[in-house]
Structure formats: C-alpha cells, structure tokens
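Secondary and tertiary structure notes
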Amino acid sequence: FDVISFGWKDAFTNALLYRALQVLARALQHRGVSGPAAELVDWATRLHGAYRPAFFNPDTGWLAGWRCREGRLHDYAFLPVNGAAVRFGLVEDDLAGEILRRLLAEMKRVNLPDPALGLPGNLWNVPDEDRADILQGYPFGYYQNGGRTHAQARHFVMALYQAGFRVEADRLLERLVVGMARAEV
C-alpha cells in the first residue's frame, strides 16, 4: 500500500510485525538465545494487547487500516488488514468470525467483481486526502485504491479457512487460481 497513507498507527504493518516477532522469538529460543527471545515475546504481548483497542472500528465491526495522530480511524474495508489480523491471532476467535462475516457481507453488498483477477485491498474508496499525490484524482478501482491483486489476497483467504469459512474460502481460492492458470494476472 505504497500510495495509501496508512497514517500514524498502521494496522497492516503491526499485524505483520506481530507474526514476525513470534517467529523470530521461537527461532532465537531454539538457538538458545533466551534474553532477546524473551524481549521479543514481551514486545509481541504488548502489541497484542494494544492492537484491538487501536484499530477495531465499532461502527463497522471490523478493523480499520490505521489511526491517525488526531485519533481518527481510517477505515475503507481493508481485506488484507483484517485477514492478517485474524490469521495471526490478533483478535479473539468469536470476533474474528464476526469480522469475516461482516466483510463477506460487504463484499456481496458492493458487488465484488470476479476474484479471478484478484481481491481488492479495500472495498471502499479511499479519498484523495488519504492517498499519495501520485494517486490523487484517479477513480476507485485504480491501482491500490480498490484495484484487484493476488499479492495480498492470501491473508484474507487463509483467515477464512482458519475461522471455518471453508466454502467461502474455497470459492475465492478457486477463482483466484483461474486467473493464475489462464495467465491473466
């Protein structure tokens, strides 16, 4: 998301960081480097505790993309953000299921195009003030503002599998694979 702000507190980067901290801590523990491993575990624990309060949007029932310095949530129905947070355990199982249910309903409501060409990073338009100047003025669906991609689709699809939405995940994955098999993406 190099042309979308993701402002001050970034939900996607922090979800990826959380997973990285866990993996690195385990690797260090395996190698007998206990002091730094414990520091990473502590960091991951603090990140986990702060994540939901920082990014959960009670108005939508899912996680926003970022929180700006002024404390406002910037929420454009980001599929990879929510998928990564669910996959990596940053939200409780019941909430994870509810987040995914709501996003699946929103995908249907906005009439998501055939996923063969990928999933959009966001289901709602990101206004110009939250985009880099190079992307300002372009319509929704252009590049990283609703444009479809396979690059980060894995987070949402894998979150669906993890939370028990097998039918929905299979359907998305089957269409994503079609785009790859036909060399259309």
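Check the entry above for the structure.
Before going into details, it helps to say that this report is about the structure given with it. These numbers come from a predicted model, not from an experiment. Counting of residues starts from 1 at the beginning of each chain's written sequence and follows it residue by residue. Totals for whole chains, interfaces and linings use every residue, but because this is a predicted model, local features are given only for residues with pLDDT of at least 70 and side-chain atom pairs only at 80 or more, for both listing and counting. To get the side-chain values, all heavy atoms of the structure are used, and hydrogens and water are removed first.

With that out of the way, let us pick up the overall build of the protein. By the criteria applied, helices consist of DSSP H or I runs no shorter than four residues and strands consist of E runs no shorter than two, each listed in order from the N terminus. For the protein, the count of helices and strands is six helices and seven strands. Secondary structure elements of the protein, listed N to C terminal, follow the sequence β-α-α-β-β-β-β-α-α-β-β-α-α. On C-alpha atoms alone, the protein measures out to a radius of gyration of 17 Å, which is about the 16 Å that the 2.2 N^0.38 rule sets for 185 residues. In what follows, residue pairs with any heavy atoms lying within 4.5 Å of each other are defined as contacts. When contacts within the protein are restricted to residue pairs at least 6 apart in sequence, those whose partners lie at least 24 apart make up 64%. The method behind every accessible area is Shrake-Rupley, applied with a 1.4 Å probe, and residues are considered shielded solely by the protein chains displayed. Working note: accessible area of the protein is about 9800 Å², and carbon and sulfur atoms make up 53% of it. The size measure is the radius of gyration over C-alpha atoms, and the globule rule it meets is 2.2 Å times the number of residues to the 0.38 power.

Hydrogen bonds along the backbone pair up the strands of a sheet, which may run parallel or antiparallel. Should DSSP find at least two bridges between two strands, the strands are taken to pair. Strands sit in the order β1-β4-β5 across an open sheet of three strands; the sheet is antiparallel. The open sheet has two free edges, formed respectively by β1 (9–10) and β5 (73–74), since each of these has just one partner strand.

Among the nonpolar cores identified, the biggest contains 53 residues, and Y51, M107, L119 and F156 are the most heavily contacted of them. If you list the elements that add at least two residues to this core, you get α1 (11–30), α2 (34–55), β3 (62–63), α3 (79–87), α4 (93–109), α5 (153–162) and α6 (166–181). Among all residues touching F156, those that are not within four sequence positions of it are L79, G83, L100, L103, L104, M107, L119 and L172. Nine residue types can take part in a nonpolar core, namely buried Ala, Val, Leu, Ile, Met, Phe, Trp, Tyr and Cys, and a core is a set of them joined through side-chain atoms within 4.5 Å. Remark: exposure states derive from per-residue accessible area (1.4 Å probe, protein chains only) relative to the maximum for the residue type, with buried under 20%, exposed over 50%, and partly exposed in between.

As a further point, take the packing of aromatic side chains. Aromatic pairs are defined between Phe, Tyr and Trp rings, using the six-membered ring for Trp, whenever the two ring centres lie within 6.5 Å; interplanar angles under 30 degrees are classed as stacked, those over 60 as edge-to-face, and all others as tilted. According to the stated counting rule, one finds eight aromatic pairs in the structure shown. Seen from their ring centres, F6 and F78 are 5.0 Å apart, and the 50 degrees between their planes marks the pair as tilted. Of the two residues, F6 is situated in the segment before β1 and F78 in the loop between β5 and α3; the sequence distance between them amounts to 72 residues. Note on accessibility: F6 and F78 belong to one class, buried.

Purely spatial values, then, with no claim about function.
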